[in-house]
Amino acid sequence: MDSLQQRSSTVQEPPGAVPTRPVPPPAWQPRTDPAPLLPDAEPLRVLGTDAVADTDPALLLRLYAELVRGRRYNAQATALTKQGRLAVYPSTTGQEACEIAAALALEDRDWLFPSYRDTLAAVARGLDPVQALTLLRGDWHTGYDPREHRVAPLCTPLATQLPHAVGLAHAARLKGDDVVVLAMVGDGGTSEGDFHEALNFAAVWRAPVVFLVQNNGFAISVPLAKQTAAPSLAHKGVGYGMPGRLVDGNDAVAVHQVLTEAVSRARRGGGPTLVEAVTYRIDAHTNADDATRYRPADEVETWRAHDPILLIERELDARGLLDEDTRRAAADAAETMAADLRERMNADPVLDPMDLFSHVYAEQTAQLREQAAQLRAELEAEGEA
C-alpha cells in the first residue's frame with residue numbers, strides 16, 4: 001500500500017460504524033467574548049440629554065467656534081470650485097461635527113489619516129487651509145509636509161489609507177512611541193477590501209488605531225442599504241475582535257466623547273475601536289455631482305433640522321453662554337479665515353513644468369532623462385519664439 005492509500009484509509013470508517021464528528025482544534029474556539037464589543041442599539045447622544053450637564057463649558061464654546069469656522073470653510077471652498085480655482089471639492093457641510101471632533105480628540109504627537117473628504121479635519125488640526133486644498137486644486141503634490149502636523153496625505157482612492165494607518169500605529173507601538181492614529185473613512189469605503197484588511201490587522205496586532213466611519217447615507221448615489229445588510233456599520237467591528245461604537249455624528253459633544261475614549265483606550269494598549277458616526281451629507285458628493293437625481297429634497301431638509309451648529313447653539317443658549325459678542329467673534333474669525341483663503345487661492349500659482357521629473361525616482365532613469373531633455377528643449381524653443 002503506497003503512502004496515498006495509507007492516508008486515505010485513515011479517514012475511512014469501518015463498515016457499519018457511526019461517523020464521528022472530528023473535534024475542532026483549540027484555535028476554532030472564539031478568541032473574544034463578543035458581548036462587550038457590540039455597539040448600543042441607538043447612536044449615543046449627549047446634546048439635548050441630561051448627560052450634557054457634565055460637559056465643560058470651555059469645550060462647548062470651542063466646538064461651537066470650530067463648527068462655525070468649518071461651515072464657512074466649506075462654503076468658501078465650494079465657491080472656489082464655481083470660480084474655477086478648485087478642480088473639485090467634496091464638501092463636509094452637515095458633517096462638521098465629525099471633522100472637528102476627530103481633530104480635537106488627538107494629541108499633537110498623534111496622527112490623522114484623512115480621506116479626500118476630510119480637509120476640514122486637517123484644517124482643524126492646524127493645517128493651512130490653502131495647503132489642505134492644494135491637491136484638490138490639481139497640483140502634483142499633496143500640498144503639505146505630512147510630518148509637520150502629523151496629517152497623512154489626503155487619500156482619494158477609497159479606504160487605501162486605512163492599512164497605512166494600521167502600519168504606522170503598529171510601528172509606533174513596536175518602537176515604544178506613545179502615538180495613536182485616527183483613520184477616517186466614509187460609509188462607501190467600508191465596502192472596500194482595504195477596510196476589512198485594515199480592521200483585521202489592527203485587531204490581531206492590537207494596534208493603537210481608531211477607525212472613524214462617517215456614515216453620511218450615500219456612497220455617491222448608492223444608499224447604505226444597497227451596500228450592507230449589517231445592523232450597523234459599527235457591528236462590523238465585532239467580526240474582527242474590536243469594539244464598535246455608534247454615535248450621533250451631528251452631536252459634536254457625543255462624537256468628541258466617543259473618540260476621546262477610543263483614543264485613550266488605544267493609548268493604554270487596549271487596541272483598536274471602530275466608531276460609526278451617523279450623519280448626513282447636505283451638499284452633493286462633489287461639485288460635479290447632481291444629488292437631486294437620487295435623493296428627495298425633503299430628506300435633506302429633515303436633516304437640516306438636525307444641523308450640528310443648531311444642536312450646540314441650543315445648549316449654549318440654555319446655559320446663557322451664547323451672547324451676541326460670542327456669536328460675532330466666531331463669525332468674524334470664520335470670515336477672516338475665508339477672506340484669507342479666497343485671496344490666496346485667487347493668486348495664480350507659479351508652476352515649473354520640469355517638476356514633472358523631480359520626484360519620480362531618487363535617481364532618474366534613462367527614459368526620464370530623455371523625456372526631461374525633450375521638454376526642456378521645447379520650453380526653450382517656445383521662450384525664444
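Note that this is a predicted model, so its numbers are computed, not measured.

Cut-offs applied
Residues numbered from 1 in each chain as written. Predicted model: local features only at pLDDT ≥ 70, side-chain atom pairs only at ≥ 80, totals over all residues. Heavy atoms only, no water. pLDDT = per-residue confidence, 0-100. Contact = heavy atoms within 4.5 Å. Axes fitted to C-alpha atoms, helices over the stretch in contact; angles between N-to-C directions. Helix = DSSP H or I, 4+ residues; strand = E, 2+ residues; numbered from the N terminus. Parallel < 35°, antiparallel > 145°, perpendicular 65-115°, else oblique. Left-handed = near helix turned anticlockwise from the far one by under 90°. Buried < 20%, exposed > 50% of the residue type's maximum accessible area, 1.4 Å probe, protein only. Phe/Tyr/Trp six-rings, centres within 6.5 Å; stacked < 30°, edge-to-face > 60°. Core = buried A, V, L, I, M, F, W, Y, C linked by side-chain atoms within 4.5 Å. Pairing = 2+ DSSP bridges.

A. Molecular detail of the confidence of the model for the protein chain. On average, residues of the protein chain score 92 in pLDDT, and 92% of them are at 70 or above. Low confidence marks residues 1-11, where pLDDT is under 50. Its contacts with residues over four positions away, or in another chain, come to two contacts.

B. Expanded view of the packing of helix α7 (residues 161-175) against helix α8 (residues 193-205). At a minimum axis separation of 8 Å, α7 and α8 run at an interaxial angle of 15°. Classified by the angle their axes make, α7 and α8 are roughly parallel. For the crossing formed where α7 meets α8, the hand is left-handed. Contacts between α7 and α8 involve L162, P163, V166, H170 and R173 from the former and D194, F195, A198, F201, A202 and W205 from the latter.

C. Focus on the environment of L61. Structurally, the position occupied by L61 is in helix α2 (residues 57-82). Relative accessible area serves as the criterion here: at 30%, L61 is assigned to the partly exposed category. In this view, L61 contacts L316, L321 and T326; residues no more than four positions away in its chain are not counted.

D. Structural detail: the packing of aromatic side chains. Considering all chains together, one arrives at five aromatic pairs under this definition. Geometrically, the ring pair formed by Y73 and Y89 is edge-to-face, given 6.2 Å between the ring centres and 80° between the ring planes. Of the two residues, Y73 is situated in helix α2 and Y89 in the loop between α2 and α3 (96-104); the sequence distance between them amounts to 16 residues. Across the pair, exposure class does not vary: Y73 and Y89 are buried alike. Between F218 and Y294, the aromatic rings sit 5.4 Å apart at their centres with planes inclined by 50°, giving tilted as the arrangement. In this pair, F218 is assigned in strand β4 (residues 218-219) and Y294 in the loop between β7 (273-278) and α10 (297-304), connecting sequence segments 76 residues apart.

E. Just the nonpolar core, in detail. In this structure, Y73, L133, L182 and L259 are the most contacted members of the largest nonpolar core, which totals 63 residues. When residues in this core are grouped by element, the largest group, nine residues, is from helix α9 (residues 252-267). Setting aside residues no more than four positions away along its own chain, Y73 makes contact with Y89, T119, L120, V123, P129, A132, L133, M337 and L341. Core analysis: the second largest hydrophobic core is formed by 26 residues, A172, A198, F211 and M242 among them.

F. Main features of the pairing of strand β3 (residues 209-215). When you tally the buried positions in β3, you get seven out of seven residues, the bulk of the element. Burial along β3 is two-sided: the face carrying V209, F211, V213 and N215 and the face carrying V210, L212 and Q214 are both buried. Alignment of strand β2 (residues 181-186) against β3, held across six bridges, turns out to be parallel. If you follow L182 over to β3, its bridge partner there is V210.

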